[in-house]
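# Chains, contacts and geometry: an overview
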Amino acid sequence: MVAIASLATEPLPSLQPMTAPYPLSFDVVWLASDRHGCLGAFVTGGVGPVPVVALTPAPGDPEDIELRLLELPVMAEAKLSASTPLPESFAALVERGLFVYDWTDVHRTRSTQRNAYQRFAVPTRAITVDALPEDIAAVARRVCLAGTDFGADEAIDVTLQLSCERGE
């Protein structure tokens, strides 16, 4: 029998990609595509579930996806899905052709929580992955909610489609 010894004095680095920690208490936006290639912006409310793949950056990913999305040209108007006024930050995303979903459970009691992102606004003209600059398109393709149609689905439980981290 031959013994193999390691000469390393420190642990070997993991071969798995590093996952960023959940951005607890920060109202952040993550991006996904649906089965038609349309784009959805998901606003966490500081606690909503975020797919692990969205927390795992790949080489070439934009550092701040929301800022990168806001660099896209205005191409649509917003149709509200909710009865509350559209926040300015949501309006800016919808004007760029994205469906906007919000984690409204952050404002609910436990007994009234829906455990799903609620559609807040719909663009009059949706942008698709193919119309995006490659750095944004790569993120949208990786975070694909293949069982979802943003144009039809008013509520989405992303935990049924992808492994997620939560802030709760």
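### Considering the pattern of salt bridges
- Going through the model one piece at a time under the given rule, you end up with seven salt bridges.
- Between R141 and D130 there is a salt bridge whose closest N-O contact spans 3.9 Å. Separated by 11 residues along the polypeptide, R141 in helix α4 (residues 134–142) and D130 in the loop between β6 (117–123) and α4 bring together distant segments of the chain.
- The class of D130 is exposed, set by a relative accessible area of 69%.
- Several salt bridges converge on common partners, so that one network encompasses R68, E71 and D135.

### Quick look at α4
- Residues I136, A137, V139 and A140 constitute the buried set of α4. Buried residues of α4, viewed axially, fall in a sector of 160°; they line one side.
- If you follow the buried residues of α4, they end up packed against β1 (29–34), β2 (39–43), α2 (65–70) and β7 (144–145).

### Some details on the pairing of strand β5 (residues 99–102)
- Both faces of β5 are covered, namely the face carrying F99 and Y101 and the face carrying V100 and D102.
- Where β5 meets β6, three bridges bridge the pair, whose relative direction is antiparallel. When the bridges of β6 are listed, Y101 appears paired with R119.

### Description of the side chain of D34
- Mapped onto the elements of the fold, D34 is located in strand β1.
- Here D34 is buried and forms no salt bridge, its nearest opposite-charge partner R35 lying at an N-O distance of 6.7 Å.
- A distance of 2.9 Å separates the side chain of D34 from the backbone nitrogen of H36, its partner in a polar contact.
- Those residues in contact with D34 that lie beyond four places of it in its chain are C144, L145, T148, D149 and F150.

### Here's the deal with the packing of aromatic side chains
- A complete count under the given rule lists nine aromatic pairs for this structure.
- Here the aromatic rings of Y101 and F150 are separated by 5.6 Å at their centres, their planes lie at 55°, and the arrangement is tilted. Residue Y101 is found in strand β5, and its partner F150 is found in the loop between β7 and β8 (155–156); the two are separated by 49 residues along the sequence.
- Given a relative accessible area of 0%, Y101 falls into the buried group.
- Taken together through their ring pairs, the aromatic side chains of W30, F42, F99, Y101, W103, Y117 and F150 make up a single cluster.

### What to know about the nonpolar core
- Counting 22 residues, the largest nonpolar core has L31, L39, L69, L98, V100, L132 and I136 as its most contacted members.
- With four residues, the top contributor of residues to this core is α4.
- The residues contacting L39, other than those within four sequence positions of it, are L31, A32, S33, L98, F99, I127, V129, L132, A140 and F150.
- Membership of the second largest hydrophobic core comes to 17 residues, among which are F42, W103, V143 and F150.

Thresholds, definitions, all that
Residues numbered from 1 in each chain as written. Predicted model: local features only at pLDDT ≥ 70, side-chain atom pairs only at ≥ 80, totals over all residues. Heavy atoms only, no water. Salt bridge = Lys/Arg side-chain N within 4 Å of Asp/Glu carboxyl O. Helix = DSSP H or I, 4+ residues; strand = E, 2+ residues; numbered from the N terminus. Buried < 20%, exposed > 50% of the residue type's maximum accessible area, 1.4 Å probe, protein only. Arc of directions from axis to C-beta. Contact = heavy atoms within 4.5 Å. Pairing = 2+ DSSP bridges. Lys, Arg positive; Asp, Glu negative; His and termini not counted. Polar contact = N/O pair within 3.5 Å; in protein donor to acceptor, adjacent residues only side chain to side chain. Phe/Tyr/Trp six-rings, centres within 6.5 Å; stacked < 30°, edge-to-face > 60°. Core = buried A, V, L, I, M, F, W, Y, C linked by side-chain atoms within 4.5 Å.

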